[in-house]
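Now for the letters of each chain:
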Amino acid sequence: MCVGLSARVVRVSEGSALVDASGARREVSAQLVADLEPGDYVMVHAGAAIAKITEDDTKQADDLMEEFLA
Amino acid sequence: MDLRGKTVTIAHGAGGKQTAELIAQVFKAHFSNPYFTADDAAVLPAPEGRIAMTTDGFIVSPRFFRGGNIGKLSICGTVNDLSCMGAEPLYLTCAFVIEEGFPFEQLEKIVSSMEMTAKEAGVRIVAGDTKVAGKGQVDGVFITTTGVGRIMDNVQTSGSFARPGDSVLVTGDIGRHGCCILLERDEYGIEAEVSSDCAPLWNSVKAVLGKVPEVHVIRDATRGGVGTVLYEIAQESDTGVLLEREFIPVDPAVRGVTDMLGLDPMYLACEGTLVMVVAQEKTQEVLRILQTQKYTHNCAVIGHITESEKGRVVMRTAIGTQTYLPQPGNELLPRIC
Amino acid sequence: MTDSGKENKKSAVEKAVEILSTYDGPKIRIMEVCGTHTHEIFRQGIRSLLPENISLISGPGCPVCVTPVSFIDEAVMLALDKGCTILTFGDLVRVPGSEKSLQTARGEGAIVKVVYSPADAQVYALEHPDEETVFLSVGFETTTPSSCIALEQAIAHGLKNFSLLCANKTMPAAYRAMMDTTDVYLYPGHVCAIQGLSECRQMLELGMSGVVAGFTAPELLTALAVAVRKTEEGRPFLVNCYPRVVTEEGSPEARALVHRYMQPCDSRWRGIGVLKNSGLTLRPEYADYDARKKYNLPGIEGKEAKLCRCGQVLQGAITPKDCPLFGKVCTPEHPVGACMVSSEGACSAFYLYRK
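Criteria and thresholds
Within each chain, residues carry numbers counting from 1 in the order of the written sequence. Naming scheme: in the order in which they are written, chains are lettered from A and ligands are numbered from 1. Since the coordinates come from a predicted model, pLDDT governs what is reported: local features require at least 70, and pairs of side-chain atoms require 80 or more to be given and counted, while whole-chain, interface and lining totals use all residues. Excluded from the side-chain calculation are hydrogens and water; included are all heavy atoms of the structure. Secondary structure elements are taken from DSSP: a helix is a run of H or I of four residues or more, a strand is a run of E of two residues or more, and numbering for both begins at the N terminus. C-alpha atoms define the radius of gyration in this analysis, and the globule rule sets the expected value at 2.2 Å times the number of residues to the power 0.38. When a residue's accessible area, from a 1.4 Å probe over protein chains only, is under 20% of the maximum for its type it is buried; when over 50% it is exposed; and in between it is partly exposed. Any two residues whose heavy atoms approach within 4.5 Å at even a single point are treated as in contact. Note on areas: Shrake-Rupley with a 1.4 Å probe; residue coverage comes only from the protein chains shown. Working convention for charge: Lys and Arg count positive, Asp and Glu count negative, and His plus the chain ends are omitted. For the purpose of locating charges, the reference atoms are NZ of Lys, CZ of Arg, CG of Asp and CD of Glu. Each patch is built from salt-bridge-free residues with over 30% relative accessible area, joining like charges within 9 Å and nonpolar side chains (Val, Leu, Ile, Met, Phe, Trp, Tyr) within 5 Å. Whenever a carboxyl oxygen of Asp or Glu lies within 4 Å of a side-chain nitrogen of Lys or Arg, that contact is scored as a salt bridge. Buried area, as used here, totals the accessible surface that two parts lose on assembly, with accessibility defined by a 1.4 Å probe and the loss added over both. By the convention adopted, Pro, Cys, Tyr, Trp, Phe, Met, Ile, Leu, Val and Ala count as nonpolar, Lys, Arg, Asp and Glu as charged, and the other residues, Gly among them, as polar. Being paired, for any two strands, means DSSP has found at least two bridges between them. All axes are obtained by fitting lines to C-alpha atoms, using only the stretch in contact for helices, and the reported angles, taken between N-to-C directions, cover 0 to 180 degrees. Definition used in this section: a nonpolar core is a set of buried Ala, Val, Leu, Ile, Met, Phe, Trp, Tyr and Cys residues joined via side-chain atoms within 4.5 Å. Segmentation into domains, and thus their bounds, comes from an automatic or database assignment. Between N or O atoms, a polar contact is any pair within 3.5 Å; within protein, one atom must be a potential hydrogen donor and the other a potential acceptor, and residues adjacent in sequence are included only when both atoms are from side chains.

Some words on the overall build of chain B
A count of helices and strands for chain B gives eight helices and 13 strands. Against the globule reference of 20 Å for 337 residues, chain B gives a C-alpha radius of gyration of 21 Å, in line with a compact fold. For chain B, the residues scored as buried account for 55% of the 337 residues in total. For chain B, long-range pairs separated by at least 24 residues make up 85% of all intrachain contacts whose partners lie at least 6 apart in sequence. Approximately 13800 Å² of chain B is accessible, and the part contributed by carbon and sulfur atoms is 49%. Treating the 30 positive side-chain charges of chain B as one cloud and the 41 negative ones as another, the clouds have centres 3 Å apart.

Now the structure itself:
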């Protein structure tokens, strides 16, 4: 229901953030995520950063394996 | 000649003195060659053997974009269509429909890049036509080009010639023109360094066919992109196509833009990228030749033709599963879901 | 940091694939609530890895699919009768209304602009003071905050030519309504990114199992594998398989923003009916920005196409192939029901990837 795009925060200013997804850049709202900083990775949906991304999907899969699927 | 501030008026299309002036100042200045005369039709030596002939109309908004303009596009489109049939582009005609009030300076730029592109492709512009339409009746300028080419000996390409086992190649990374135009229209506030791939590909094709005349299919992946062309080939040849998703070259910035908008670069137009279907044993040779050519060094084998799944395009994913490439269809709209 | 498709994850993915493909226990029904999951599962070919006793049910989590016909009728009326400029996500343009889609209306002179975000719609209104603009505010918890951001900006600019036609929906009522049709929910990762895990925990208290899932191939595979493993243990469970994005508390900022401008209302879901407190509407103090009130829209019934069985498809009661219209009268080029329009609708996915 909600396509998300992971992107890197380049710049933050007054409630908005410039994000970069492999060279595609766009201003998005930074209102929904507290304390965004340049260098953070965020999930972007419909023009707003909706969450910080704290690790990559590979690491996450490995962790899940270890905990639940070993 | 100073064209600054001058605009095209209805009088320029009326056939009188001002039409002659427009032709002299803009078209003749650039398209000059022995065949381009004031007579009603160009008189040309007939080439030997088989000829290929094609026509295409060009409307693009914006008219000037990163990597080209409507003029360059109008030459590349027709040159590439001829090239796909293994035909050396010889002669081209062009018909302009120009909106009243269109700046001469822009027209001059467009015509000048047509000249340069035609020169690069080795094709001569031998006849032209100009009509002026009232303000609002057309969007700036529309160009139609028609081309004639001589088909190389021993060459026969067709969308129906793909055979099971053949390799499927693209001559460059895909979807760049479509992505570039999307960005230039600036409707979605996205910025990225993406240039159109718009380029005349005859020299690349000639180099390939000179060594490997038995290429089965060549098709340019314009409107509808590579995905659409592959479905056409699968259906016309009554075969399947199996692609390896990870082998398909996509410029990272194009990937970023399409991911942002929920689009698939497989359906975005290319204007300087061809799909080729080649016998498996000739694949490496064709790749090596393409790699040495100006516009095709990003070429890649992206899959092969199959006996099964007739009429369909199947994609092998990074996790080893197979899935269908959705059939192309509707207007590309960005999506949130 | 990148998503999917790179080296080194083979082991985890392979293990997940092994668990899924060799499962030979009792039948497990897993509902991918979210349409983006449906879409990605097809795109990644994941269904082909599953044995027959793991069945995936495509759920109601596509805002386009569950938006009732009457909503499109209202938008068409605003465009054609009231002369409004319609600003919308691309997804809605081709959805059929009772008589017309927005695309058809555009052919009849309606101005319909596709935007990337609600905030862009607000900017359009600002830049076109002569046009009365209406943004079609659809979507679930993930998307609704963006509509509120746009509204907040419109208010800050004192815009008088901007309003919202709301059909925003919330998931908990649907979670409850559908729980008998499935054993495990594959919870929508990006809804949970906003809402946190509390709503899933409430479902767990009702005995409903679920895993929160991301959208890349490794994420989908591991979430499905965890669902299977935990089901085998025999107790209701909730596992957050998308912790890199979904936290326990979600985004309190987003929820506060939505709460400021919107309030719950009963809402009609196409095919499912009216679910109590499953929608959001603008608070009365923002009535000036509510297109229904501003333009005095009449109550519209909306005629769904006869024979269209999107409703049952959305509830997982039938698969698209069981619908008499599927692939014959109803195709992505000529959609009859919304599930065929939306690229993440179950019918569209089944059609595009059909054998």
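Observations concerning a negative patch on the surface
Among the surface-exposed residues, Glu184, Asp186, Glu187 and Glu191 of chain B lie close enough to one another that they form a single negatively charged patch. By secondary structure assignment, the location of Glu184 of chain B is in helix α4 (residues 176-184).

Focus: the environment of Lys135 of chain B
All names here are of chain B. With respect to the element layout, Lys135 can be found in the loop between β5 (124-133) and β6 (141-151). We classify Lys135 as exposed; its relative accessible area is 60%. With 37 residues separating them in the primary sequence, Lys135 and Ile98 have C-alpha atoms 9.3 Å apart. If sequence neighbours within four positions are ignored, Lys135 has contacts with Glu99 and Glu100.

Digging into the interface of chain A and chain C
Often the size quoted for an interface is simply the accessible area lost on bringing the parts together. Chain A puts 34 residues into the contact, and the matching count from chain C is 57 residues. For the pair chain A and chain C, the summed buried area comes to about 3600 Å², and 62% of that belongs to carbon and sulfur atoms. Counting the contacts that link chain A with chain C gives one salt bridge. The partner of Asp120 of chain C in a salt bridge is Arg26 of chain A, with the nearest N and O atoms 2.8 Å apart. Among the elements of the structure, β3 (24-29), β4 (41-45), β5 (48-53) and α1 (57-69) of chain A are those that each provide at least two residues to the side of chain A that touches chain C. Its residues placed into classes, the side of chain A that touches chain C shows 19 nonpolar, nine polar and six charged.

Some thoughts on the sheet that holds strand β9 (residues 240-244) of chain B
Residues and elements named next belong to chain B. Taken in spatial order, the seven strands make up an open sheet running β8-β10-β7-β11-β9-β12-β13, and their pairing is mixed. One side of each edge strand has no neighbouring strand; the edge strands of this open sheet are β8 (217-220) and β13 (322-324). The sheet shows a mean angle of 25° between the axes of neighbouring strands, direction not considered.

Quick notes on the pairing of β5 of chain A
All names here are of chain A. For β5, the tally of buried residues reaches five of six residues, placing the bulk of the element in the interior. Where β4 meets β5, five bridges bridge the pair, whose relative direction is antiparallel. Counted as the bridge partner of Tyr41 is Ile53 from β5. Between the end of β4 and the start of β5, which pair antiparallel, lie two residues, with Ala46 showing a positive phi angle near 45°.

Some points on the nonpolar core
Among the nonpolar cores identified, the biggest contains 113 residues, and Leu78, Val134, Leu136, Phe162, Leu165, Tyr185 and Tyr187 of chain C are the most heavily contacted of them. Take this core: its biggest share by element is seven residues, from helix α4 (residues 69-80) of chain C. Every residue in contact with Val134 of chain C, bar those within four places of it in the chain, is listed here: Leu78, Cys84, Thr85, Ile86, Leu87, Ser163, Leu164, Leu165, Ala291 and Tyr295 of chain C. Formed by 112 residues, the second largest nonpolar core is a distinct cluster that contains Phe31, Ile70, Val123 and Ile233 of chain B.

Some words on the domain arrangement of chain C
Residues and elements named next belong to chain C. Taken domain by domain, chain C consists of domain 1 (25-300) and domain 2 (310-352). The centre of domain 1, based on its C-alpha atoms, is set 18 Å off from the matching centre of domain 2. Buried surface at the junction of domain 1 and domain 2, summed over both partners, amounts to about 1700 Å²; 63% is from carbon and sulfur atoms. Along the contact surface separating domain 1 from domain 2 lie one residue pair in polar contact (both at pLDDT 80 or more). Of all the secondary structure elements, the ones that give two or more residues to the side of domain 1 that touches domain 2 are α2 (35-43), β2 (54-61) and α3 (63-66). Classifying every residue of the side of domain 1 that touches domain 2 by side-chain character gives 13 nonpolar, nine polar and four charged.

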